[in-house]
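What follows is each chain in one-letter form.
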Amino acid sequence: MSPHASVNTGTGAGSGADPGTGAGSGTGAGSDTGTGAGSTATAAPRTSTASITPVVVRLKLSLLRNGLRQSAGRRAAYVTSVVLVLLFAALQLIGLIALRGNAHATAVAVLLVAILALGWAVMPLFFPSGDETLDPTRLVMLPLRPRPLVRALLVASLVGIGPLFTLCLLVGSVISVAHGTAAYVTAVVAVVVALLVSVALARAVAAANIRLLSSRKGRDLAVLSGLVIAIGAQLVNFGAQRLGAAGGLSQLDPVADVLRWVPPASAIGAVDSVSEGSYAAGVVQLALSVAALVGLLALWSRHLTRLMTSPDGSTLQAAEPAARERGSSGLGRLLPSGRTGTVMERSLRYVWRDPKTKAAWVTSLAIGLIVPVFNALQGTGSIYFACFAAGMLGIQMYNQFGQDTSAFWIVAMTISSTRDAYVELRGRALALLVITLPYATLVTVLTTAMLGDWPRLPEVLGLSFALLGAMLATGAWTSARFPYSIPQEGYKNVAPGQAGLAWIAVFGGMVSAALLAAPVIALTIWLNVSRDGDEWTWLLLPLGAGYGALITVAGLRLAAPRTARRLPEILAAVSKG
């Protein structure tokens, strides 16, 4: 495939596709698509756009239909999602129409369309398997030119729940701002252009990152999608509260004045400008959206051409004369020597490479920051909320051997004494501290700066370090006493039948950690209620840090003999996933 000439190198519509998906190899575009893409390519090597587009659309429909035929549960989930999306779209449409005539209708419409476009750009990175048309490499063997293929994929991309929801929101947006015949005529063009820009944006992003999305790292992004949605919902909630406290929708006007010139929101801005009689501004704003559409299609075509004509990473790796000699990474050179450094590097690699471990860490990091910072922004927070970061990260010490799954037998073979078990646990705890200590300190300092309560910084840091040490101690003990398996497939974090162990390990350990940190908590309360206690609160920093280190060492030494004695039981427990 090249930009100027077609290459007749294939005969099937889905030579690289799974036959069960409906894009079977050979001459059929799908099980029920009628005329096959392969036969079309054979009859006309220079296939026209008019013939490519319906074939690709039928292929998209076949993929959807055959996917729903796989199970009743999948059909039920799809129907449920369609109903919920249509209901939400209808409510959005009604709400936007109700804003018609409101002084801030334009600000709301422009901002909604801008957020919607951002969602179109981001979602393909987290849901790469949601639409088979995201992977054009399935068509690499067909004699197709870039421009007709881009047009065909663009039309096929308009089939689905997402485009329908986007269309409803765009229609509601233009109705809320359009006034007059000229504005309604502009609105028709604006809706089409804005919808095409949103879809083209998603496809351009997907084509630019298709190698990533089809790799293991790309699949890891889907594990983090729930976190992204949760953070986005928290941001929306926070924004709504800020608008209510700051005097309503008028706070959106300055942002909307900027976004109305940014595609595709500029198409909605064009409708508003024409409604007010500013025809020149409307033409410029609409032209910006059209230019963005042209640019995105050109970018998509460029990445698509490169994708369809250049070898992938596996081919290049196989062509290398010799494999590169592996050595320790830059981080590995900074770690201690011996078993401690090896265990730390292995644990840190789990955090970076294992999808389940990575998702747990990213969730803890995000929530540990969101809770204190958002409460501080809302004016209802306390500096002690900064301890939440240490608590969330300390949970990662629980079920340390579960992340090894059945490969724990390799670790078990290297533990022949209590000393070996202690060094193993110590290395895992130190790897956790490499991330947790600076992060907990950063969150505490940031929360203190936002609240302006600098005199309490030492005591909160000391309390965080003491709580973290207590959680490391209880986490090491519960890892040996209540290990459970983490399934490698699916989204469940506990193997069937082990949910009780997980609850006991996590919540029992958290309660025990709070009790272990009780001396530092009691000292903090006493210094804050006593008459001259404020002069001595700075002592809580060294005392809390020392107590946390002491209780961590004590917990590791207590857990080491139990770990050495229960290696077969631990291996059996973590191998059920």
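Residues numbered from 1 in each chain as written. Predicted model: local features only at pLDDT ≥ 70, side-chain atom pairs only at ≥ 80, totals over all residues. Heavy atoms only, no water.

**Student:** Would you take a moment to explain the overall build of the protein for this structure?
**Tutor:** Scanning the protein for helices and strands turns up 25 helices and 0 strands. Relative to all contacts within the protein whose residues are 6 or more apart in sequence, the contacts with residues 24 or more apart total 78%. Surface exposure of the protein reaches about 27,800 Å², of which carbon and sulfur atoms provide 67%. (Helix = DSSP H or I, 4+ residues; strand = E, 2+ residues; numbered from the N terminus. Contact = heavy atoms within 4.5 Å. Areas by Shrake-Rupley, 256 points an atom, 1.4 Å probe, with all protein chains shown as cover.)

**Student:** Even after reading the chapter, I still don't get the packing of helix α5 (residues 146–157) against helix α13 (residues 279–309), so can you show me in this structure?
**Tutor:** Two quantities define a packed helix pair, namely the angle between the axes and the distance from one axis to the other. One way to put it is that α5 packs onto α13 with a least axis distance of 10 Å and a crossing angle of 115°. One way to sum up the angle between α5 and α13 is to call them roughly perpendicular. The crossing of α5 and α13 is right-handed. Across the interface between the two elements, P146, L149, V150, L153 and L154 of α5 pack against L297, W300, S301, L304, T305 and M308 of α13. (Axes fitted to C-alpha atoms, helices over the stretch in contact; angles between N-to-C directions. Parallel < 35°, antiparallel > 145°, perpendicular 65-115°, else oblique. Left-handed = near helix turned anticlockwise from the far one by under 90°.)

**Student:** Just checking my understanding: could you explain the packing of aromatic side chains for this structure?
**Tutor:** For any two aromatic rings, the description comes down to two numbers: the centre-to-centre distance and the angle of the planes. Counted according to the given criterion, the structure contains 3 aromatic pairs. Ring plane angle 15° and centroid distance 5.8 Å describe the contact between F88 and F165, whose orientation is recorded as stacked. Here F88 is found in helix α3 (residues 72–98), whereas its partner F165 is found in helix α6 (residues 161–177), with 77 residues between them in sequence. On the accessibility criterion, F88 (45% relative accessible area) is partly exposed. Owing to a relative accessible area of 17%, F165 belongs among the buried residues under this scheme. (Phe/Tyr/Trp six-rings, centres within 6.5 Å; stacked < 30°, edge-to-face > 60°. Buried < 20%, exposed > 50% of the residue type's maximum accessible area, 1.4 Å probe, protein only.)

**Student:** Just checking my understanding: could you explain the side chain of R260 for this structure?
**Tutor:** Take R260: it is sitting in the loop between α11 (253–259) and α12 (265–275). The buried category is assigned to R260, whose relative accessible area is 14%. In this structure R260 touches T106, V110, A265, S266, G269, D272, S273 and Q285, once residues within four positions along its chain are discounted.

**Student:** How should the nonpolar core be read in this particular structure?
**Tutor:** Nonpolar side chains tend to gather and get buried jointly when the protein is soluble and globular. If you look at the biggest cluster of nonpolar residues, it comprises 60 residues, and the most contacted ones within it are L139, L149, L170, I268, V271, W300 and L304. The element best represented in this core is helix α7 (residues 181–208), accounting for 13 residues. With 29 residues, the next largest nonpolar core counts V351, W361, Y439 and L567 among its residues. (Core = buried A, V, L, I, M, F, W, Y, C linked by side-chain atoms within 4.5 Å.)

**Student:** Where do I start with the environment of L334 in this structure?
**Tutor:** Among the secondary structure elements, L334 is positioned in helix α15 (residues 330–334). Along the backbone, L334 and E345 are 11 residues apart, and their C-alpha atoms lie at a distance of 9.9 Å.

**Student:** Before we go on, may I ask you to explain unusual backbone geometry in this structure?
**Tutor:** Only a minority of non-glycine residues have a phi that is not negative, and only a minority of peptide bonds are not trans. Going from P263 to P264, the amide bond is cis rather than trans, its omega being 0°. Take P264: it is sitting in the loop between α11 and α12. Positive phi values are uncommon outside glycine, yet N399 reaches one of about 55°. With respect to the secondary-structure elements, N399 resides in the loop between α18 (387–394) and α19 (408–413). A relative accessible area of 6% places N399 in the buried class. The backbone of T405 shows a phi angle near 50°, a positive value even though the residue is not glycine.

**Student:** Can you walk me through the pattern of salt bridges in this structure?
**Tutor:** Between side chains of opposite charge, pairing is possible as soon as their charged atoms come close. Within this structure, the stated rule accounts for 8 salt bridges. Across the salt bridge formed by R339 and E424, the nearest N and O atoms sit 2.8 Å from each other. Of this pair, R339 sits in helix α16 (residues 338–353) while E424 sits in helix α20 (residues 418–451), and the two are 85 residues apart along the sequence. Since its relative accessible area comes to 23%, R339 is described here as partly exposed. Exposure remark for E424: the relative accessible area of 1% places this residue in the buried category. Across the pair R428 and E424 runs a salt bridge whose closest N-O atoms are separated by 2.8 Å. Here the residue R428 and the residue E424 both occupy positions in helix α20, the gap between them amounting to 4 residues, near one helical turn. One network of salt bridges, with partners in common, ties together R339, R346, D404, E424 and R428. (Salt bridge = Lys/Arg side-chain N within 4 Å of Asp/Glu carboxyl O.)

**Student:** Any chance you could explain the packing of α7 against α12 here in plain terms?
**Tutor:** With their axes 8 Å apart at the nearest point, α7 and α12 run at an angle of 175° to one another. Comparing the axis directions of α7 and α12 gives the class roughly antiparallel. Residue-level contacts link A182, A183, T186, A187, A190 and A194 of α7 to A267, A270, V271, V274 and S275 of α12. Tallied by class, the residues present in the contact of α7 with α12 amount to 9 nonpolar, 2 polar and no charged. (Nonpolar A, V, L, I, M, F, W, Y, C, P; charged D, E, K, R; others polar.)

**Student:** Got a minute to help me understand a nonpolar patch on the surface in this structure?
**Tutor:** Taken together, the side chains of L369, L377, L446, M450 and L451 make up a nonpolar region of the molecular surface, amounting to roughly 340 Å² of accessible area. Among the elements of the structure, α17 (355–377) and α20 are those that each provide at least two residues to the nonpolar patch. Top element by residues in the nonpolar patch is α20. It accounts for 3 residues. (Patch = residues over 30% accessible without salt bridge, like charges linked within 9 Å, V, L, I, M, F, W, Y side chains within 5 Å.)

**Student:** Just to check I follow, could you spell out the environment of M510 for this structure?
**Tutor:** With respect to the helices and strands, M510 occurs in helix α22 (residues 499–516). Residue classification places M510 among the partly exposed residues on the basis of a relative accessible area of 32%. Separated by 116 residues in the primary sequence, M510 and G394 have C-alpha atoms spaced 9.1 Å apart. In this structure M510 touches I395, Y398 and M471, once residues within four positions along its chain are discounted.

**Student:** Looking at this model, I keep getting lost on α17. Mind explaining?
**Tutor:** For α17, with 23 residues, the first-to-last C-alpha span of 32 Å sits near the 33 Å given by 1.5 Å per residue. The largest bend in α17 is about 25°, located at I370, with the proline P372 one to four residues further on. (Expected span 1.5 Å × (residues − 1). Bend = angle between axes of the 7 residues up to and from the residue.)

**Student:** Got a minute to help me understand the confidence of the model for the protein in this structure?
**Tutor:** One rule of thumb: low pLDDT means the predicted coordinates there are not for detailed reading. When pLDDT is averaged across the protein, the result is 78; 74% of the residues are at 70 or more. Mean pLDDT across the secondary structure elements of the protein bottoms out at helix α1 (residues 37–43), with 40, and peaks at helix α24 (residues 540–565), with 93. Scored below 50 in pLDDT, residues 1–49 shows 97 contacts in the model against residues more than four places distant or in partner chains. (pLDDT = per-residue confidence, 0-100.)

**Student:** Which parts of the structure should I look at to understand the environment of A204?
**Tutor:** For A204, the position within the fold is in helix α7. On the accessibility criterion, A204 (3% relative accessible area) is buried. Residues A204 and L297, 93 residues apart in the sequence, show an inter-C-alpha distance of 7.4 Å. When sequence neighbours within four positions are dropped, the list of residues in contact with A204 reads L296, L299 and W300.

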